[in-house]
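# Overview (structure and organization)
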Amino acid sequence: MNLNKISILTKHVFLCKHVLGRWYMNFAKCKPIIFFQCSSKLVASILPRTRQSLKTGVAVPVLPARTLSLTACMFKSKNHSTENNPEEEEDEIDEAEIEELFQQQIPNVTGIDKEDHRIFIVHPDVKWGSRKQYLTTAALQMEEAVGLVNTLHKWSVVDKIILSTKTPENKRIFGKGNFQTLTEKIRATPVVTAVFVNVERLLPSSEKELQEAWGVKVLDRYSLVLHIFRCNARTKEAKLQISLAEIPLLRSRLRNEMANLDQQGGGSRYIMGSGETLYEMQQRLLKERELKIRSALERLRKKRHLLRSQRKHKDFPTISVMGYTNCGKTTLIKALTGDAGLQPKDQLFATLDVTVHAGQLPSHMTVLFVDTIGFLSQLPHQLIDSFSATLEDVIHSDLIIHVRDISHPETVNQKVNVLNVLKNLQIPERLLNSIIEVHNKIDLIEGYEASDPEVTPISALKQHGLEVLKEKIEEAVVKYTGKQTMTLKVQLNTPQLAWLYKEATVQAVDDVGDDCTANVKVIISQAAYGRYRKRFQVT
């Protein structure tokens, strides 16, 4: 790197340092600075509050790297200083602040900068080794890859190919001959705007080499699914968790680009005597962004914990409905609860947020069904870990219903993937042992019986087999929650009966005689029964 380039780089870094400074407050006080790349320059677009320190539209020469959107805490007037208002740090996070953080996506974090794409799908068929998939086939994996692409609006698959490989760990994934054939095929298809390599995650160096060879953007399952999540996110938690999932991807790409810069002699230089290199500064800013997201998620987690506590206090059994993506979980919950607000969709990852829906079992017991995010094979644990706040509801539930699309050709592989994820989430052993497996089949014929007596066959869409399922759920709830069926002698001229209707499940009321008493059959928890005895002095 010559002296002129070093001088330009130093000016850019000093400018970033001046704007970002060391005014690091919570993200509610921050405004985004988005640098739009334009050939060898970046045009800094600064919000009004920063115009005193930097004019809008100033052309800032920098190194040719990917664009960055950094959250900068702007200088405040003395009347609005956080030093004068320390309690602001604990302020409630509102929707606007969550949305601002969500929209501060680093441009091209997922490498997807267009609303529409024409995709060429490449599936590496691994012949042996730890990466070979034994419970499925290359054709079925390709079918799922096509489904992922078609989930996105205005995206289309223009071509696809399955190629065998013995070296999936190599940068180019394929051998020399197959790679050459593939490159010629992609370059001979001019309508292609991106290539989707159907692997869990590409190394940054591998991604860069493939892009240079093919001349278009290259995506893997991580970046594509992350983009689907971003498009489908609606609630605060979903948006924050997606923003958190983007951090590892950005950190990896930043590390790769700084390595390239080091080869030019510029990445390890210190910034104007600050004691920080450019890489260290960017890593620190990234870490601060991650901490802000985690802090916001922790606040939302506490709220969700409070809601769970309120449900537990009311003795409502909680049932998590889980399964592979698009297996019919939402359709089943709608059939069990009659909730008209639920609108199931025939697409992958239609549900990203945990929602709770009340339903009644044959005994009139009220239970809460929890609709959860669907799972997918070959996803990095980092992506699943980012949704740990959402999946906490599963860990604290009383029962799990595992829905399987039994008509899907990969149903066995899907089951294995779901169970593996549950184990990785450290689901308590009691929950793993209480799983009710449901075989969902659209064209289920009335009277059909599964070969496994432990499995409940249903058709959520046609509402076949639901009564049997409800009875099985009720039996499991009574067994695993410690509830018991009792017949209590109640004085009808006291609040006893009203209390039981509120705190327990009343199944039947039989008058005994003229002494204003009745035998009441109830399903009641041990805790509620203890409160009943204490309040009404029952022995």
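Here goes a summary of the coordinates provided. Here the structure is a predicted model, which means the values were calculated and not measured. (Residues numbered from 1 in each chain as written. Predicted model: local features only at pLDDT ≥ 70, side-chain atom pairs only at ≥ 80, totals over all residues. Heavy atoms only, no water.)

Turning our attention to a nonpolar patch on the surface. Taken together, the side chains of Tyr134, Leu135, Val412 and Val416 make up a nonpolar region of the molecular surface, amounting to roughly 390 Å² of accessible area. Take valine 416: it is sitting in helix H12 (residues 411-424). Using a relative accessible area of 31% as the deciding quantity, one classes valine 416 as partly exposed. (Patch = residues over 30% accessible without salt bridge, like charges linked within 9 Å, V, L, I, M, F, W, Y side chains within 5 Å. Areas by Shrake-Rupley, 256 points an atom, 1.4 Å probe, with all protein chains shown as cover. Salt bridge = Lys/Arg side-chain N within 4 Å of Asp/Glu carboxyl O. Helix = DSSP H or I, 4+ residues; strand = E, 2+ residues; numbered from the N terminus. Buried < 20%, exposed > 50% of the residue type's maximum accessible area, 1.4 Å probe, protein only.)

Moving on, we come to helix H4 (residues 176-187). In a regular helix each residue adds 1.5 Å, so 12 residues correspond to 16 Å; H4 covers 16 Å between its end C-alpha atoms and thus fits that length. Every buried residue of H4 is accounted for by Phe179, Leu182, Thr183 and Ile186. Seen from one end, H4 has its buried residues packed into an arc of 100°, which puts them on one side. Contacts from the buried residues of H4 go to strand E5 (117-126), strand E6 (155-165), strand E7 (194-197) and helix H5 (204-214). (Expected span 1.5 Å × (residues − 1). Arc of directions from axis to C-beta. Contact = heavy atoms within 4.5 Å.)

Here we take up the nonpolar core. Grouped together as the largest cluster of nonpolar side chains are 43 residues, with contacts concentrated most on Leu148, Phe196 and Leu224. Among the elements of the structure, E5, helix H3 (138-151), E7, helix H6 (221-232), helix H7 (236-263), helix H10 (381-385), helix H11 (388-395) and H12 are those that each provide at least two residues to this core. A per-element tally of this core places H6 first, with 6 residues. Not counting the four nearest positions on each side in its chain, phenylalanine 196 is found in contact with Ile119, Phe120, Ile121, Val122, Ala145, Leu148, Val149, Leu219, Asp220, Arg221 and Leu224. Formed by 25 residues, the second largest nonpolar core is a distinct cluster that contains Cys327, Met365, Phe369 and Val403. (Core = buried A, V, L, I, M, F, W, Y, C linked by side-chain atoms within 4.5 Å.)

Here we come to the pattern of salt bridges. Tallying each qualifying case throughout the model produces 13 salt bridges. Among the salt bridges present, the one from lysine 217 reaches glutamate 207, with a minimum N-O distance of 2.6 Å. Of this pair, lysine 217 sits in strand E8 (residues 217-219) while glutamate 207 sits in helix H5, and the two are 10 residues apart along the sequence. Neither lysine 217 nor glutamate 207 differs from the other in exposure class; each is buried. The shortest N-O distance in the salt bridge between glutamate 290 and arginine 294 comes to 3.1 Å. Taken together, the positions of glutamate 290 and arginine 294, both in helix H8 (residues 278-313) and 4 residues apart, correspond to about one turn of that helix. By relative accessible area, glutamate 290 is classed as buried at 9%.

Strand order in the open sheet made by the 4 strands is E6-E5-E7-E8, with parallel pairing throughout. Two strands close off the open sheet at either side, each with one partner strand: E6 and E8. Across the sheet, the mean angle from the axis of one strand to that of its neighbour is 25°, orientation sign disregarded. Sheet topology note: the E5/E6 ladder contains 10 bridges and is parallel. Counted as the bridge partner of proline 124 is leucine 163 from E6. Along the sheet, H6 makes contact with E6, E7 and E8, crossing E7 at roughly 110°. (Pairing = 2+ DSSP bridges. Axes fitted to C-alpha atoms, helices over the stretch in contact; angles between N-to-C directions.)

Strands pair in a sheet through their backbones, by hydrogen bonds, and they do so in one of two ways: parallel or antiparallel. If you trace the 6 strands from one edge of the open sheet to the other, you get E10-E11-E9-E12-E13-E14, paired in mixed fashion. Here the strands that pair on one side only, and so sit at the sheet edges, are strand E10 (355-360) and strand E14 (456-458). Each strand axis lies, on average, 30° off the axis of its neighbour in the sheet, ignoring direction. Strand direction decides the pairing type here: strand E12 (residues 399-405) and strand E13 (residues 436-440), joined by 5 bridges, are parallel. Of the residues in E13, the one forming a bridge with valine 403 is valine 438. Of the strands in this sheet, strand E9 (318-323), E10, strand E11 (366-371), E12 and E14 touch helix H9 (residues 329-337), which is tilted by about 160° from E11.

Taken as a whole, this structure holds 5 aromatic pairs when the rule is applied. Between tryptophan 499 and tyrosine 532, the ring centres sit 5.7 Å apart and the planes meet at 40°, which makes this aromatic pair tilted. Of this pair, tryptophan 499 sits in helix H15 (residues 496-503) while tyrosine 532 sits in helix H16 (residues 526-536), and the two are 33 residues apart along the sequence. Accessibility classification places tryptophan 499 together with tyrosine 532 in one group, the buried group. Summarising the aromatic geometry, the rings of tyrosine 529 and tyrosine 532 are spaced 6.4 Å apart at their centres and angled 20° between planes, so their arrangement reads as stacked. Here the residue tyrosine 529 and the residue tyrosine 532 both occupy positions in helix H16, the gap between them amounting to 3 residues, near one helical turn. Of the residues examined, tyrosine 529 reaches a relative accessible area of 17% and is grouped as buried. Through a chain of ring-to-ring contacts, the aromatic side chains of Trp499, Tyr529, Tyr532 and Phe536 assemble into a single cluster. Positioned over the ring face of tyrosine 222 is arginine 201, at 4.6 Å from the centre of the ring. (Phe/Tyr/Trp six-rings, centres within 6.5 Å; stacked < 30°, edge-to-face > 60°. Lys NZ or Arg CZ within 6 Å of the ring centre and 35° of its normal.)

Interhelical geometry of H4 versus H5 gives an angle of 55° and a closest axis separation of 9 Å. Judged on the interaxial angle alone, H5 and H4 are oblique. Contacts between H4 and H5 involve Phe179, Leu182, Thr183, Ile186 and Arg187 on the former and, on the latter, Leu210, Glu212, Ala213 and Trp214. Split by residue class, the contact of H4 with H5 holds 6 nonpolar, 1 polar and 2 charged. (Parallel < 35°, antiparallel > 145°, perpendicular 65-115°, else oblique. Nonpolar A, V, L, I, M, F, W, Y, C, P; charged D, E, K, R; others polar.)

Here the focus is the packing of H3 against H6. Close contact between H3 and H6 brings their axes to 10 Å; oriented N to C, the two are set at 35°. Viewed along their axes, H3 and H6 form a crossing whose handedness is left-handed. Contact with H3, carried on its side by Glu144, Leu148, Val149 and Thr151, involves Arg221, Leu224, Val225 and Ile228 of H6 and no other residues of that element. When its residues are assigned to classes, the contact of H3 with H6 shows 5 nonpolar, 1 polar and 2 charged. (Left-handed = near helix turned anticlockwise from the far one by under 90°.)

As far as function goes, none of this settles anything; it's purely spatial.
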